[in-house]
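# A look at the structure
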Amino acid sequence: MANRYWCGECGYKTPWLEKSEGLSRQIEHYANKHPGSSPGGQIETRRCSPAGSPGCLLLVASALVLLGIVAAWLR
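To keep things clear, this report deals only with the structure shown in the data block. (Residues numbered from 1 in each chain as written. Predicted model: local features only at pLDDT ≥ 70, side-chain atom pairs only at ≥ 80, totals over all residues. Heavy atoms only, no water.)

### Concerning the overall build of the protein chain
Summing up its helical and strand segments, the protein chain has two helices and two strands in all. In sequence order, the secondary structure elements of the protein chain are arranged as β-α-β-α. Looking at the 75 residues of the protein chain, the share that counts as buried comes to 16%. In the protein chain, the proportion of contacts linking residues at least 24 apart, taken out of those at least 6 apart, comes to 45%. Of the roughly 5,700 Å² that the protein chain leaves accessible, carbon and sulfur atoms contribute 61%. (Helix = DSSP H or I, 4+ residues; strand = E, 2+ residues; numbered from the N terminus. Buried < 20%, exposed > 50% of the residue type's maximum accessible area, 1.4 Å probe, protein only. Contact = heavy atoms within 4.5 Å. Areas by Shrake-Rupley, 256 points an atom, 1.4 Å probe, with all protein chains shown as cover.)

Structure representation (structure tokens):
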């Protein structure tokens, strides 16, 4: 699972990262850009791996192939 952290003070957002890495980048951003403010904002989550794993792509491709087979079978 990957997370993207959005700053509550400005439009900054981290790339899709593992939880610990994203949190570290958000804390670093607040320390550099908003000193004295505690980190806040939103956390966006997705189930795909941030390492570029083809897991989701394989799932979508498999679904499309299955849909094609079903469509051909129904004709």
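### With respect to the side chain of Gln-26
With respect to the element layout, Gln-26 can be found in helix 1 (residues 19-33). In this structure Gln-26 comes out as buried when scored by relative accessible area, which is 6%. Residues in contact with Gln-26, not counting those within four places in the same chain, are Tyr-5, Trp-6, Thr-14, Pro-39 and Gly-40.

### Quick word on a nonpolar patch on the surface
Together, Leu-66, Val-70, Trp-73 and Leu-74 give the surface a local cluster of nonpolar side chains, amounting to about 500 Å² of exposed area. By relative accessible area, Leu-66 is classed as exposed at 54%. (Patch = residues over 30% accessible without salt bridge, like charges linked within 9 Å, V, L, I, M, F, W, Y side chains within 5 Å. Salt bridge = Lys/Arg side-chain N within 4 Å of Asp/Glu carboxyl O.)

### Re the environment of Gly-41
Here Gly-41 shows up in strand 2 (residues 41-46). In this structure the C-alpha to C-alpha distance between Gly-41 and Trp-6, which are 35 residues apart in sequence, comes to 5.4 Å. In this structure, Gly-41 is in contact with Trp-6, Cys-7, Gly-8 and Tyr-30, ignoring residues within four places of it in sequence.

### What to know about the side chain of His-29
With respect to the helices and strands, His-29 occurs in helix 1. Look at His-29 and you get buried, because its relative accessible area is 9%. Residue contacts for His-29: discarding those within four places in its chain leaves Cys-7, Cys-10, Tyr-12 and His-34.

### Points about the environment of Cys-10
Along the chain, Cys-10 turns up in the loop between strand 1 (2-7) and helix 1. Along the sequence, Cys-10 and Lys-33 sit 23 residues apart, while their C-alpha atoms lie 9.3 Å from each other. Here Cys-10 is in contact with His-29 and His-34, once residues within four sequence places are set aside.

### Points about the state of the cysteines
Evaluated as defined, the whole model comprises zero disulfides. No disulfide involves Cys-7; its sulfur sits 3.7 Å from that of Cys-10, the nearest cysteine. Judged by relative accessible area, Cys-7 falls into the buried class, the value being 8%. (Disulfide = S-S within 2.5 Å.)

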